Amino acid sequence: MSFKGKICLVLFTLLLSLATLALGTHDPDRKSPIERLRECSKRCESQHQQQGQHLEACQRRCQDEYQREKESYGDFGYILSDEREREEQQQKEENNPYVFEDRHFMTAMRTQHGRVRILQRFTDRSKLLKGIDNFRVSTLEADPQTFIVPSHWDADAVMFVANGRGTVSFVRQDRRESFNVKQGDIFRVKAGTTTYLINRDNNEKLVLAKLLQPINTPGQFEGFFGTGGENPKSYFRAFSDEILEAAFNTRKDRLQRLFGQQKEGIIIKASQEQIRSMSHQEEGTIWPFGGESKGTFNLYQQRPTHSNQYGQLYEVDSSHFRQLQDLDLAVSLANISQGAMTAPYYNSKATKIMIVVEGEGYFEMACPHVSQEGRRQGSQRAQRETSSGPSYQKVSSRLKRGTVVVVPAGHPLVAVASNNQNLQLLCFEVNYRDNEKFPLAGKRNVMKQLEREAKELAFGLPAREVEEVFDSQQEEFFFKGPRQQQKGRANA
């Protein structure tokens, strides 16, 4: 062995010994840095809610401590443990990259009266979702009788009122447009529009689900607050004093007071008089222009496109609500009765971003991209594809309030409600133009349109047998669920 080779061998042996020593002296009761980071972040959220601490600064301190521990020699074993934990978690998530749960949201802003949460970028979870990389999901929750301070975003947004009643105001150069909203309403906020809201209900929380489409950087957006002071910080504070004095023709001390007073966060308690003054009697109509146009579209007040005792499907696209026209987007709401299910179906072009707004249940989807055992190696995959064609795996997950599921175009999907409550699914359907829904079971399923000879050739059975199966379900789009079917057979 050459001298250089011996040196490399010695160094490798030394490094291995250090790793073994670190792992060998690892205290099993001592938590790893990644575990302590999670606990620290939870403490930040709790303290911020109870004591009004600044959430972002607290979480930054947690991250700094985590980085110090990772860089320290004594935690070498813990770092390896963190890597193993991340690898195991990554393996699990690769097997189901289409489902996002509570832990995939981050709290962007929180006060004692509400919070704003943002779902991680879709492509941070999987490259399979790069087709919707320029969309983000966010939620807002505000307590009764509260005010959400004015802001604008570098993103277009479509919002759905999942709960409560509010008032939305848009501020433009020469006017203000305001309209009341209630549960079931959809409205759009165009990028750059200064917007503020109130929760005008005395008892109910105002809950909004948002789909945002950033316009500057794909998949990233920012909120800009002109009002505020310390919390939220006003963007006016980024300018020099002499610029502000000249712009406002006002002394420095008065400007410092104006942009330094607010410290309560973006969601603030308001008095009943203030709420009453900012509310309006007529729902959905923009004022002060006397009903010039409708600012909202209410899903619940429209005739459902599918309806029976097992569920209702409400849909809106640009032909119903003009403000969706340039976004290539549709919005739908499926209300599945307890114990019932949707038909298996797929979208031809649209990718569905599905949010559970009420109830519980589960879903199943046929997917050619993932397997329960993880990705196969390239040679095995190539051999499989050439010998037997694509292989479809079941992707499934429990559904509960707040769960987000992505359903790519062409992927057959079924959703099932639990036996004790209805399941309500809000769906933002991206790339909707020229999209068609194709039901695979039920009264109008596409397989019924095959010729008898095509049925025999495709299934390898007499056409009569094929037709008996595909003609058995007489309902359309919503059916009895699996347990209801079993109960019916037991009672027969």
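Thresholds, definitions, all that
- Residues numbered from 1 in each chain as written.
- Predicted model: local features only at pLDDT ≥ 70, side-chain atom pairs only at ≥ 80, totals over all residues.
- Heavy atoms only, no water.
- Patch = residues over 30% accessible without salt bridge, like charges linked within 9 Å, V, L, I, M, F, W, Y side chains within 5 Å.
- Areas by Shrake-Rupley, 256 points an atom, 1.4 Å probe, with all protein chains shown as cover.
- Salt bridge = Lys/Arg side-chain N within 4 Å of Asp/Glu carboxyl O.
- Helix = DSSP H or I, 4+ residues; strand = E, 2+ residues; numbered from the N terminus.
- 1 Å grid on protein atoms, 1.4 Å probe; cavity = no way out; pocket = protein on both sides within 12 Å on 5 of 7 lines; lining within 4 Å.
- Points joined across faces, edges and corners; volume = space filled by probe spheres on them.
- Nonpolar A, V, L, I, M, F, W, Y, C, P; charged D, E, K, R; others polar.
- Buried < 20%, exposed > 50% of the residue type's maximum accessible area, 1.4 Å probe, protein only.
- Polar contact = N/O pair within 3.5 Å; in protein donor to acceptor, adjacent residues only side chain to side chain.
- Contact = heavy atoms within 4.5 Å.
- Pairing = 2+ DSSP bridges.
- Core = buried A, V, L, I, M, F, W, Y, C linked by side-chain atoms within 4.5 Å.
- Phe/Tyr/Trp six-rings, centres within 6.5 Å; stacked < 30°, edge-to-face > 60°.
- Lys NZ or Arg CZ within 6 Å of the ring centre and 35° of its normal.

**Q** Explain a nonpolar patch on the surface to me, please; I cannot follow it from the model alone.
**A** The grouping of Phe224, Tyr235, Phe239 and Ile243 at the surface amounts to a nonpolar patch, some 360 Å² of accessible area in total. In this structure, Phe239 sits in the loop between strand S12 (223-224) and helix H6 (241-248).

**Q** Honestly, empty space enclosed by the protein in this entry has me stumped. Any pointers?
**A** Left-over empty space is what a probe sized like a water molecule reveals as it rolls over the atoms. Using the criterion set out here, one finds four cavities of 30 Å³ or more in the structure. Approximately 80 Å³ is the volume attributed to the second largest cavity. Taken together, Leu313, Ser332, Ala334, Thr342, Tyr345, Lys352, Met354, Leu413, Ala415, Leu425, Cys427 and Phe477 make up the full set of residues lining the second largest cavity. Broken down by secondary-structure element, the contributors of at least two residues to the lining of the second largest cavity are strand S17 (329-336), strand S20 (351-358), strand S24 (413-417) and strand S25 (423-430). Its residues assigned to classes, the lining of the second largest cavity shows nine nonpolar, two polar and one charged.

**Q** Can you help me understand the side chain of Asn347 in this one?
**A** With respect to the helices, strands and loops of the structure, Asn347 is situated in strand S19 (residues 345-347). The buried category is assigned to Asn347, whose relative accessible area is 4%. Here Glu429 takes part through its side chain, which lies 2.8 Å from a polar atom of the side chain of Asn347. A distance of 3.3 Å separates polar atoms of two side chains, one belonging to Asn347 and the other to Asn435. If near-sequence neighbours (up to four positions away) are discounted, Asn347 is found in contact with Lys352, Ala409, Gly410, Glu429, Asn435, Glu436 and Lys437.

**Q** For this particular structure, what's the right way to read the sheet that holds strand S23 (residues 404-407)?
**A** Strand pairing in a sheet takes place through backbone hydrogen bonds and is either antiparallel or parallel in direction. Ordered by their spatial adjacency, seven strands build an open sheet running S1-S23-S20-S25-S17-S16-S15, and the pairing between neighbours is antiparallel. Lying at the two open borders of the sheet, with one neighbouring strand each, are strand S1 (99-100) and strand S15 (306-308). Relative to S23, S1 is paired through two bridges, and the arrangement is antiparallel. When the sheet's bridge partners are listed, Phe100 is paired in S23 with Val404.

**Q** Is there a simple way to explain the sheet that holds strand S2 (residues 105-111) in this structure?
**A** The strand order S2-S3-S4-S11-S6-S9-S14 describes an open sheet built from seven strands, whose pairing is antiparallel. One side of each edge strand has no neighbouring strand; the edge strands of this open sheet are S2 and strand S14 (297-298). Where strand S3 (residues 114-119) meets strand S4 (residues 136-142), five bridges bridge the pair, whose relative direction is antiparallel. Counted as the bridge partner of Arg115 is Glu141 from S4.

**Q** I'm lost on the side chain of Ser332 in this one. Help?
**A** Tracing the backbone shows Ser332 in strand S17. You can call Ser332 buried: its relative accessible area is 2%. A polar side-chain atom of Ser332 sits 3.3 Å from a polar atom in the side chain of Glu429. Each residue touching Ser332, except ones within four places of it in the same chain, is listed here: Leu299, Leu313, Tyr314, Glu315, Leu425, Leu426, Cys427 and Glu429.

**Q** Quick question: what am I supposed to make of the environment of Val446 here?
**A** The residue Val446 is located in the loop between strand S26 (437-439) and helix H10 (452-459) in this model. Taking the relative accessible area as the measure of exposure, Val446 reaches 27% and is therefore partly exposed. What Val446 contacts, discounting residues up to four positions off in sequence, is Phe438, Pro439 and Leu440.

**Q** Honestly, the nonpolar core in this entry has me stumped. Any pointers?
**A** It is characteristic of soluble globular proteins that their nonpolar side chains tend to be buried jointly. Residues Phe122, Val331, Ile353, Leu425, Leu426 and Phe428 are the most contacted members of the largest nonpolar core, which totals 58 residues. For this core, the element with the most residues is S25, which contributes six residues. Every residue in contact with Val331, bar those within four places of it in the chain, is listed here: Val158, Ile186, Leu299, Tyr314, Glu315, Val316, Leu324, Leu426, Cys427 and Phe428. By size, the runner-up hydrophobic cluster in this structure holds 31 residues, among which are Leu140, Ala155, Phe170 and Leu197.

**Q** Help me understand unusual backbone geometry, please; the structure alone is not making it clear to me.
**A** Most of the time, phi is negative for any residue but glycine, and the peptide bond is trans. The phi torsion at Asn431 lies on the positive side, around 60°, for a residue other than glycine. Assignment of secondary structure puts Asn431 in the loop between S25 and S26. In this model, Phe477 sits at a positive phi of 70°, which is unusual for a non-glycine residue. Residue position: Phe477 is located in the loop between helix H11 (463-470) and strand S27 (478-480). Taking relative accessible area as the criterion, Phe477 reaches 6% and is therefore assigned buried.

**Q** Honestly, the packing of aromatic side chains in this entry has me stumped. Any pointers?
**A** Working definition: an aromatic ring pair is given by the centre-to-centre distance plus the angle between the planes. If you walk through the whole model with that rule in mind, you get 14 aromatic pairs. Between Phe147 and Tyr196, the ring centres sit 5.8 Å apart and the planes meet at 55°, which makes this aromatic pair tilted. Remark: Tyr196 occurs in strand S10 (residues 194-199) and Phe147 occurs in strand S5 (residues 146-153); sequence separation between them is 49 residues. In terms of burial, Phe147 and Tyr196 fall into one category: buried. Consider the rings of Phe179 and Phe187, whose centres lie 5.8 Å apart with planes at 75°: the pair is edge-to-face. On the accessibility criterion, Phe179 (1% relative accessible area) is buried. We classify Phe187 as buried; its relative accessible area is 1%. What links up through ring pairs into an aromatic cluster is the set Tyr235, Phe236, Phe248 and Phe259. The ring of Phe105 carries Arg117 above its face, with NZ or CZ at 4.5 Å from the centroid.

Functional significance is not addressed by these values, which are geometric in nature.
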